[in-house]
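Chains, contacts and geometry: an overview
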Amino acid sequence: MKHQKKRSKSKLIIWSILILIFVTVGVFWAVGHLDSNQPTKPKTVRLTAIGDSLTYGVGDSSGKGGYTNLIRKKVNRSQHNVVMTTSNFGISGETTDQINHRVITSKKLQASIKQADVITVTTGGNDMLHFLKSNIGIQNDKLLSQQLKKYSLVYQKRVTRLLESIRHLNKHVQLFVFGIYNPVYVYFPQVSFISRSI
């Protein structure tokens, strides 16, 4: 009898341990399974747009900020694991040096650059328009081409300074630079000799 009691007590302890193990494993599995089925919190991606009228949104008939708004809408609509926010620092008519001056002096712009995951820069069109205004008297293809070659070296230094100013504030940000390389064609397509030189 005592032997049977010991045996049943041993069985009870073994069954209790097995049940405890199964319950523990089940709880861990359930917690892990529930966590993996929970929707993950979307990643926030901050886009800072810097530049001229293209960034500002000139030409956007909706008046909602041009390409920055379109990018934000498209990303938020198509990427369910991403929420994009945008900050638009475009000012119409600004040259590369003027944009760089704002990057160096504007605390608000600097803070946005430091927090950005992506930066877009539009520049160059107004630089070209300023060059052409100061060389308006040149009616010779060859001479205009020579002047443009000299000016392109000056422009490259300006763009380099701007990109260095941005990189100084955020070394690892994804950076996209674009613009209208020939604004004359956009506004005056009939002036073909200027377009050839550009």
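The following refers to the structure shown. (Residues numbered from 1 in each chain as written. Predicted model: local features only at pLDDT ≥ 70, side-chain atom pairs only at ≥ 80, totals over all residues. Heavy atoms only, no water.)

Focus: a positive patch on the surface
- Taken together, the side chains of K64, K73, K74 and R77 make up a positively charged region of the molecular surface.
- Within the secondary structure, K73 is located in helix α3 (residues 66–78). (Patch = residues over 30% accessible without salt bridge, like charges linked within 9 Å, V, L, I, M, F, W, Y side chains within 5 Å. Areas by Shrake-Rupley, 256 points an atom, 1.4 Å probe, with all protein chains shown as cover. Salt bridge = Lys/Arg side-chain N within 4 Å of Asp/Glu carboxyl O. Lys, Arg positive; Asp, Glu negative; His and termini not counted. Charge placed at Lys NZ, Arg CZ, Asp CG, Glu CD. Helix = DSSP H or I, 4+ residues; strand = E, 2+ residues; numbered from the N terminus.)

Thoughts on the sheet that holds strand β1 (residues 43–51)
- Sheet architecture is open: 4 strands sit in the order β2-β1-β3-β4, paired in parallel fashion. Edge positions in the sheet fall to β2 (82–90) and β4 (174–178), since each of these pairs with one other strand and no more. On average, each strand axis in the sheet is inclined to that of its neighbour by 15 degrees, with strand direction left out of account.
- Summarising the sheet, β1 and β2 pair through 9 bridges and their orientation is parallel. Note on β2: the bridge partner recorded for I50 is F89.
- Along the sheet, α3 contacts β1, β2, β3 (118–122) and β4; its crossing angle with β2, the most-contacted strand, is approximately 180 degrees.
- Strands in contact with helix α5 (residues 107–115) are β1, β2 and β3; relative to β1, the strand with the most contacts, it is inclined by about 135 degrees. (Pairing = 2+ DSSP bridges. Axes fitted to C-alpha atoms, helices over the stretch in contact; angles between N-to-C directions. Contact = heavy atoms within 4.5 Å.)

Here's the deal with α3
- The end-to-end C-alpha separation of α3 is 19 Å, in line with the 18 Å expected for 13 residues at 1.5 Å each.
- Turning to α3, its buried residues are G66, Y67, T68, N69 and V75.
- Among the structural elements, β1, α2 (53–56), β2, β3 and β4 are those in contact with the buried residues of α3. (Expected span 1.5 Å × (residues − 1). Buried < 20%, exposed > 50% of the residue type's maximum accessible area, 1.4 Å probe, protein only.)

Focus on the side chain of T68
- Along the polypeptide, T68 turns up in helix α3.
- The buried category is assigned to T68, whose relative accessible area is 3%.
- Not counting residues within four places of it along the chain, the set of residues in contact with T68 comprises A49, T86 and N88.

Notes on the environment of V103
- One can find V103 in helix α4 (residues 96–105).
- When its relative accessible area of 1% is taken as the criterion, V103 is described as buried.
- Distance in space between the C-alpha atoms of V103 and F89 is 9.8 Å, their sequence separation being 14 residues.
- In this structure, V103 is in contact with I50, L109, Q110, I113, L162, S165, I166 and L169, ignoring residues within four places of it in sequence.

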